[in-house]
Amino acid sequence: MSLDIYSAADFRHRALNQIGAPIEHAWRDHGDHVLNPQSLLEVEGLKLKDAAVLVPVVDDPDGAKVILTQRTATLRKHSGQVAFPGGGIDEGDLSPEVAALREAREEIGLDPSFVETVGRLPQYLSGTGFRIVPVLSVVRRGFVIEPNPDEVDAVFEVPLSFLMNPDNHQRDSRTWQGIVRHFYVMPYGERQIWGITAGIIRTLYERLYA
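Residues numbered from 1 in each chain as written. Predicted model: local features only at pLDDT ≥ 70, side-chain atom pairs only at ≥ 80, totals over all residues. Heavy atoms only, no water.

Peer 1: Which parts of the structure should I look at to understand the packing of aromatic side chains?
Peer 2: Two descriptors summarise a pair of aromatic rings, namely the distance from one centre to the other and the angle between the planes of the rings. Per the stated rule, a full pass over the model turns up 3 aromatic pairs. Between Y6 and Y209 the ring centres are 5.9 Å apart and the planes differ by 25 degrees, which places this aromatic pair in the stacked class. Here Y6 is found in the segment before α1 (8-16), whereas its partner Y209 is found in helix α6 (residues 195-209), with 203 residues between them in sequence. Looking at Y209, the relative accessible area reads 10%, which means it is buried. On the numbers, 5.0 Å between centres and 65 degrees between planes, the contact of F162 with Y188 is edge-to-face. (Phe/Tyr/Trp six-rings, centres within 6.5 Å; stacked < 30°, edge-to-face > 60°. Helix = DSSP H or I, 4+ residues; strand = E, 2+ residues; numbered from the N terminus. Buried < 20%, exposed > 50% of the residue type's maximum accessible area, 1.4 Å probe, protein only.)

In structure tokens form, the structure reads like this:
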């Protein structure tokens, strides 16, 4: 029996069997990196801090959901933006997976015992100075969310089917530090998913669902 295309089980299968170039070499070919070849060259020349984010796909019988956060307005970088839980990879973190799970626990109280990591996406290079590894995961229900108010204003879920529909991937641009930067925007209700998060979501679509 075939799996529902937007079920967590199907997502797991796609994550474990990605088609395309190995993730170590594929990051230039995905997401908003493709939209900004000139600025990407400049970012490559920066000294970047290693970071990891968790892409948490919740296993629900009526279709998988993706956990996202709304960052507080007081944070120094990416304040107020919609984001995946994550942050810098610390010296004691043995892998990006360990860092992503640790950050998810610190930011939203997600217990790692509910999380199964199932793969990675190609790294995302941020103009704000980060080399980000997106860690794909399946999350079973039963977890309790406890947002850290110093970092997170809200935690919400978006259907995977919405995020993987290219009709919901709008393009926009703005001038930042004298350079026109092109990016994806995914309006969802009152929230605007854009920037790094939308770039990672677009990469997820291109690697697993396009």
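Still more ground to cover, so stick around.
Peer 1: Any chance you could explain empty space enclosed by the protein here in plain terms?
Peer 2: One simple way to see leftover space: roll a probe sized like a water molecule over the atoms. This structure, assessed with the given rule, holds 1 cavity of 30 Å³ or more. What the largest cavity holds in volume is close to 40 Å³. Around the largest cavity sit W27, H30, H33, P122, Q123, Y124, P134, I200 and T203, which together line it. Per-class residue counts for the lining of the largest cavity are 5 nonpolar, 4 polar and no charged. (1 Å grid on protein atoms, 1.4 Å probe; cavity = no way out; pocket = protein on both sides within 12 Å on 5 of 7 lines; lining within 4 Å. Points joined across faces, edges and corners; volume = space filled by probe spheres on them. Nonpolar A, V, L, I, M, F, W, Y, C, P; charged D, E, K, R; others polar.)

Peer 1: Explain the side chain of K65 to me, please; I cannot follow it from the model alone.
Peer 2: With respect to the helices and strands, the residue K65 is situated in strand β2 (residues 65-71). A distance of 2.9 Å separates the side chain of K65 from the side chain of D62, its partner in a polar contact. In this structure the side chain of K65 is engaged in a polar contact, spanning 2.8 Å, whose partner is the backbone oxygen of G63. If we ignore the near neighbours within four places in the chain, the residues touching K65 are P56, V57, V58, D60, R141, E157, V158, P159 and L160. (Polar contact = N/O pair within 3.5 Å; in protein donor to acceptor, adjacent residues only side chain to side chain. Contact = heavy atoms within 4.5 Å.)

Peer 1: Where do I start with the packing of α1 against α6 in this structure?
Peer 2: Helix-helix packing is described using two parameters, namely the angle between the two axes and the distance between the axes. Close contact between α1 and α6 brings their axes to 9 Å; oriented N to C, the two are set at 85 degrees. Regarding the angle of α1 to α6, the classification is roughly perpendicular. Residues D10, F11, R14 and A15 of α1 touch α6, and the partners they reach there are L204, L208 and Y209. A breakdown of the residues in the contact of α1 with α6 according to their chemical character gives 5 nonpolar, no polar and 2 charged. (Axes fitted to C-alpha atoms, helices over the stretch in contact; angles between N-to-C directions. Parallel < 35°, antiparallel > 145°, perpendicular 65-115°, else oblique.)

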